Amino acid sequence: LFWHNRITHERFIRHSTMTNCYGGTTDLGGDSKNELLIKAIQLYLDNHGLFQLKAADLELKSFGEDKRNNYYNYHGGGKSTTLSNTLSQYNVVKKPIKGRWASLGMFESTQEDKQYEVKLIVREEEDDDKGSDGGSKNQRRELILQFYSEGKDSIDSFINKAYSWYLDELRK
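Position numbers for residues start from 1 in each chain and track the written sequence from start to end. Only residues with pLDDT of 70 or above have their local features reported here, since the model is predicted, and side-chain atom pairs are shown and tallied only from 80 upward, although totals for entire chains, interfaces and linings are computed over all residues. Here the side-chain values reflect all heavy atoms present in the structure, with hydrogen atoms and water set aside.

1. Observations regarding a nonpolar patch on the surface
- Put simply, a patch holds well-exposed residues, over 30% relative accessible area, that have no salt bridge, with like charges counted together within 9 Å and Val, Leu, Ile, Met, Phe, Trp or Tyr side chains within 5 Å. Computed with a 1.4 Å probe, the accessible areas rest on the Shrake-Rupley method; for each residue, only the protein chains presented here act as cover. In what follows, salt bridge is the name for a side-chain nitrogen of Lys or Arg lying within 4 Å of a carboxyl oxygen of Asp or Glu. On the surface, Leu 58, Leu 60, Leu 83, Leu 87 and Val 92 cluster together to form a nonpolar patch covering roughly 510 Å² of accessible area.
- Numbering goes from the N terminus for both helices and strands, where a helix is a DSSP run of H or I of at least four residues and a strand is a run of E of at least two. The set of elements that each furnish at least two residues to the nonpolar patch consists of β3 (57-62) and α3 (83-87).
- Here Val 92 is to be found in strand β4 (residues 90-95).
- Only protein chains enter the area calculation, which uses a 1.4 Å probe; residues under 20% of their type maximum are buried, those over 50% are exposed, and those in between are partly exposed. A residue is classified by how much of its surface remains accessible, and Val 92, at 53% relative accessible area, is exposed.

2. Notes on the pattern of salt bridges
- Summed over the entire model, instances satisfying the criterion amount to 9 salt bridges.
- For Arg 14, the salt bridge is made with Glu 142, and the minimal N-O distance between the two is 4.0 Å. Placement of Arg 14 in strand β1 (residues 9-19) and of Glu 142 in strand β7 (residues 137-149) is noted, with a sequence separation of 128 residues between them.
- Judged by relative accessible area, Arg 14 falls into the partly exposed class, the value being 38%.
- For Glu 142, a relative accessible area of 10% gives the class buried.
- Salt bridges sharing partners connect three or more residues here, namely Glu 59, Lys 61 and Lys 95.

3. What about the packing of aromatic side chains?
- Two aromatic rings from Phe, Tyr or Trp, using only the six-membered ring of Trp, form a pair when their centres are within 6.5 Å; if the ring planes differ by under 30 degrees the pair is stacked, by over 60 it is edge-to-face, and anything between is tilted. As enumerated under the stated definition, the model contains 5 aromatic pairs in all.
- Taking the centre distance of 6.2 Å and the plane angle of 75° together, the rings of Trp 101 and Tyr 148 count as edge-to-face. Separated by 47 residues along the polypeptide, Trp 101 in the loop between β4 and β5 (102-109) and Tyr 148 in strand β7 bring together distant segments of the chain.
- Trp 101 gets classed as partly exposed once you look at its relative accessible area, which sits at 28%.
- With relative accessibility at 3%, the residue Tyr 148 sits in the buried group.
- Geometrically, the ring pair formed by Phe 147 and Phe 158 is tilted, given 5.9 Å between the ring centres and 45° between the ring planes. Of the two residues, Phe 147 sits in strand β7 while Phe 158 sits in helix α4 (residues 154-171), which places them 11 residues apart along the sequence.
- Phe 147 sits in the buried class, given a relative accessible area of 0%.
- Feature note: the residues Tyr 44, Phe 107, Phe 147, Phe 158 and Trp 165 constitute an aromatic cluster, connected by ring pairs.

4. Quick notes on helix α1 (residues 34-47)
- In this scheme, a helix's expected span is set at 1.5 Å multiplied by one less than its residue total. For α1, built from 14 residues, the straight-helix expectation of 20 Å at 1.5 Å per residue is met to within 8% by its first-to-last C-alpha distance of 20 Å.
- Looking at α1, one finds that the buried residues are Leu 37, Ile 38, Lys 39, Ala 40, Ile 41, Gln 42, Leu 43, Tyr 44 and Leu 45.

5. Examining the side chain of His 15
- By the element assignment, His 15 lies in strand β1.
- Judged by its relative accessible area of 9%, His 15 is buried.
- Think of a polar contact as two N or O atoms within 3.5 Å of one another; within protein, one of them needs to be a possible hydrogen donor and the other a possible acceptor, and neighboring residues in sequence only count if both atoms come from side chains. Within the structure, His 15 has its side chain in polar contact with the side chain of Asp 27 (distance 3.3 Å).
- Any two residues whose heavy atoms approach within 4.5 Å at even a single point are treated as in contact. Setting aside its immediate chain neighbours within four residues, His 15 contacts Asp 27, Asn 34, Glu 35, Ile 38, Arg 141, Glu 142 and Leu 143.

6. Comments concerning α4
- Helix length check: α4, at 18 residues, gives a terminal C-alpha distance of 26 Å against a target of 26 Å (1.5 Å per residue), a fit within 8%.
- Within the span of α4, buried status applies to Ser 154, Ile 155, Phe 158, Ile 159, Ala 162, Trp 165 and Tyr 166. Relative to the axis of α4, the buried residues are bounded by an arc of 140° and lie together on one face. Summarising the geometry, the arc corresponds to the directions from the helix axis toward the C-beta atoms.

This is the structure:
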């Protein structure tokens, strides 16, 4: 790899879910809100055009909390809404291809008063678990964002900037 002879710093953000054989999904993070942090980072990267990707995964994402598993909330929570109103709350977001390093740009390391490049790789791990009856399957999925930089706190600066931007956008 490209960083063997240098002092490097890494951060990991993980989000795990379990999907049962009926399609129901359970967040395994407990109190963790890593799904929202990942969403904030993805929206920030796309909105600021930080990806210069020749290939990208695309996804529809909205601001605010995702209520995809709740039919009542998805269709307006009892309020009259149209499909166009619902879809207008979403944007097409570019995401890096899983398993490929992507440069996010230069970010300040406040401890060193210098900018360093921050890189990101997205990994997804899936594992099928058989139920106690031996037949039904549950699928465990873990999404991992791994950041790399030579700056002591460049990654932290990037993540804090992305999260602050996301909060500001939610307040609009």
